[in-house]
Amino acid sequence: MAEFYQTYGFLLVTVIQQALLATSIFYPLMAGQLSLATPGFYALGGYIAAIMGTADLFTPWREGLGPWIFPLEWLCAALASALLGVVVGIPALRLRGIYLALATIAFVEIVRVISLNLTVTGGATGIFGVPQLFDDRGSYLLIFVPLLLLSLFFSHRLVRSRTGRALRAIREDELAADAMGINTTRCKVLAFVIGAMLAGVTGAMSAPFLNTWNARQGTFDLAVAGLAFVLIGGSRSIWGPLLGACLLAALPEVLRPLQDSRFIFNGLVLVLVSIYLPNGVCGLWSRWFGPRRVAGGGS
């Protein structure tokens, strides 16, 4: 077992990390909002952890708190992401569809350009030597797995709550939801902020895991990958981001013996699932094993 974690620990943590980022995209999608801002908040959380772990200003904090400095980094990342999520979300969520996607992509680029030009973020070089919580990469499962379980539990409760029903109503027809008295702006901003907080905390955990942080960690490519995980897994199920991440993040490693040609199979899976499974893998599962209606209906 120890040999297994030593060999595949990094891959397992990476899959869970990608699933968390995909889940942060899932929350705005619950309200029908195509937000690609996740890499910006992910980068923000990572920079907060990297700066608090290396800057001389926080040396007394690190010496006084010891390993408890890491939960403090996660908390700061969550609060900063929530605050920035409100600032960005209120004006951006007035837009819809592709215009919202473009606005959030612009936000990601703004964060990237700012980080490239600030001394505190290390500029283009980034921040190296970020203190690590564990010596073994596989041991980071001890913090990433609980965060994933917590996000799944929260998603489960949210979907079945009054707020979750309001988000689904907004996704189906925003004008009708507004006519029924639902505060659509508040609900959309709330979903956006929840996703931002999850991405920020994931970034704060990832900086010690990677031992370095730079502007390449939060790029548009990450948003595209996260969106692919959600769509392949299923954008209407809390399990969709996890299943999509397990499939697409692990598939290149499983096919590694095929060398460079493995990327062809990875792309082929993406295309086939997009065409033949519009509701993702979870949609196929529901079709096969979900409750079946009797022809003619009625009870």
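Residues numbered from 1 in each chain as written. Predicted model: local features only at pLDDT ≥ 70, side-chain atom pairs only at ≥ 80, totals over all residues. Heavy atoms only, no water.

Colleague: What should I look at first to understand the packing of helix α2 (residues 38-54) against helix α4 (residues 69-92) in this one?
Modeller: How two helices pack is summed up by the angle between their axes together with the distance between the axes. Contact geometry of α2 with α4 gives a least axis separation of 9 Å together with a crossing angle of 140°. Our pair here, α2 against α4, has a crossing hand that is right-handed. Contacts from F41, L44, G45, I48, A49, M52 and G53 of α2 reach α4 at I69, L72, E73, C76, A77, A80, S81, L84 and G85. Looking at side-chain class alone, the contact of α2 with α4 contains 11 nonpolar, 4 polar and 1 charged residues. (Axes fitted to C-alpha atoms, helices over the stretch in contact; angles between N-to-C directions. Helix = DSSP H or I, 4+ residues; strand = E, 2+ residues; numbered from the N terminus. Left-handed = near helix turned anticlockwise from the far one by under 90°. Contact = heavy atoms within 4.5 Å. Nonpolar A, V, L, I, M, F, W, Y, C, P; charged D, E, K, R; others polar.)

Colleague: So what exactly am I meant to see when it comes to the packing of aromatic side chains here?
Modeller: What characterises a pair of aromatic rings is the spacing of the ring centres plus the angle enclosed by the ring planes. Evaluated as defined, the whole model comprises 9 aromatic pairs. A ring pair is formed by F10 and F209, whose centres lie 5.2 Å apart and whose planes are at 20°; its orientation type is stacked. Pair noted here: F10 is in helix α1 (residues 2-30) and F209 is in helix α9 (residues 184-210), with a separation of 199 residues, a long-range link. For the ring pair Y27 and F154, a centre distance of 6.1 Å and an interplane angle of 75° mean the geometry is edge-to-face. Here F154 lies in helix α6 (residues 141-159) and Y27 lies in helix α1, a separation of 127 residues in the sequence. Owing to a relative accessible area of 2%, Y27 belongs among the buried residues under this scheme. A network of ring pairs unites the aromatic residues F10, F134, Y140, F144 and F209 as a single cluster. Taking NZ or CZ as reference, R137 lies 5.4 Å from the ring centre of F209, over its face. (Phe/Tyr/Trp six-rings, centres within 6.5 Å; stacked < 30°, edge-to-face > 60°. Buried < 20%, exposed > 50% of the residue type's maximum accessible area, 1.4 Å probe, protein only. Lys NZ or Arg CZ within 6 Å of the ring centre and 35° of its normal.)

Colleague: What should I look at first to understand the pattern of salt bridges in this one?
Modeller: Charged atoms that come close allow side chains of opposite charge to pair. In total, this model carries 5 salt bridges according to the counting rule given. Residue E109 pairs with R112 through a salt bridge whose shortest N-O separation is 2.9 Å. Separated by 3 residues within a single helix, E109 and R112 lie in helix α5 (residues 97-116), roughly one turn from each other. Accessibility expressed as a relative area gives 29% for E109, which makes it partly exposed. Overall, the relative accessible area of 25% leaves R112 in the partly exposed class. Its salt-bridge partner being R171, residue E172 comes within 3.6 Å of it at the nearest N-O pair. (Salt bridge = Lys/Arg side-chain N within 4 Å of Asp/Glu carboxyl O.)

Colleague: Looking at this structure, how should I read a nonpolar patch on the surface?
Modeller: A cluster of nonpolar residues, L268, V271, L272, I275 and Y276, forms a patch on the protein surface that exposes about 510 Å² of accessible area. Inspection of the secondary structure assignment puts V271 in helix α12 (residues 262-276). On the basis of relative accessibility, which here comes to 45%, the residue V271 falls in the partly exposed class. (Patch = residues over 30% accessible without salt bridge, like charges linked within 9 Å, V, L, I, M, F, W, Y side chains within 5 Å. Areas by Shrake-Rupley, 256 points an atom, 1.4 Å probe, with all protein chains shown as cover.)

Colleague: Is there a simple way to think about the environment of L210 in this case?
Modeller: Structurally, L210 is set in helix α9. We classify L210 as partly exposed; its relative accessible area is 23%. In the structure, L210 is positioned 81 residues away from G129 in sequence and 9.4 Å away in space, judged by C-alpha atoms.

Colleague: I'm lost on the environment of T219 in this one. Help?
Modeller: One can find T219 in the loop between β2 (212-213) and α10 (220-233). Residue T219 is classed as partly exposed on the basis of its relative accessible area, which comes to 22%. T219 sits 114 residues away from I105 along the chain, and the two C-alpha atoms are 9.1 Å apart. If we skip the residues at most four places from it in the chain, T219 touches P39, V108 and R112.

Colleague: What's the story with the packing of α6 against α9 in this structure? I'm lost.
Modeller: Their axes nearest at 11 Å, the elements α6 and α9 cross at an angle of 170°. One finds that α6 runs roughly antiparallel with respect to α9. Facing α6, whose interface residues are I143, F144, L147, S151 and F154, α9 presents I194, L198, V201, T202, M205, S206 and F209. A breakdown of the residues in the contact of α6 with α9 according to their chemical character gives 9 nonpolar, 3 polar and no charged. (Parallel < 35°, antiparallel > 145°, perpendicular 65-115°, else oblique.)

Colleague: Would you explain the confidence of the model for the protein chain in this entry?
Modeller: Caution is warranted with low-pLDDT regions, since their predicted coordinates should not be read in detail. Confidence in the prediction of the protein chain, expressed as mean pLDDT, is 85, and 87% of residues score 70 or more. With pLDDT under 50 throughout, residues 293-299 is counted as low confidence; its partners more than four residues away or in other chains account for 0 contacts. (pLDDT = per-residue confidence, 0-100.)

Colleague: Would you take a moment to explain the side chain of T104 for this structure?
Modeller: Turning to its location among the elements, T104 is positioned in helix α5. You can call T104 buried: its relative accessible area is 1%. From its side chain, T104 meets the backbone nitrogen of L36 in a polar contact 3.0 Å long. Setting aside residues no more than four positions away along its own chain, T104 makes contact with L34, S35, L36, A37 and F192. (Polar contact = N/O pair within 3.5 Å; in protein donor to acceptor, adjacent residues only side chain to side chain.)

Colleague: I'm lost on unusual backbone geometry in this one. Help?
Modeller: Backbone geometry places N211, a non-glycine residue, at a positive phi of 70°. For N211, the position within the fold is in the loop between α9 and β2. Judged by relative accessible area, N211 falls into the partly exposed class, the value being 29%.

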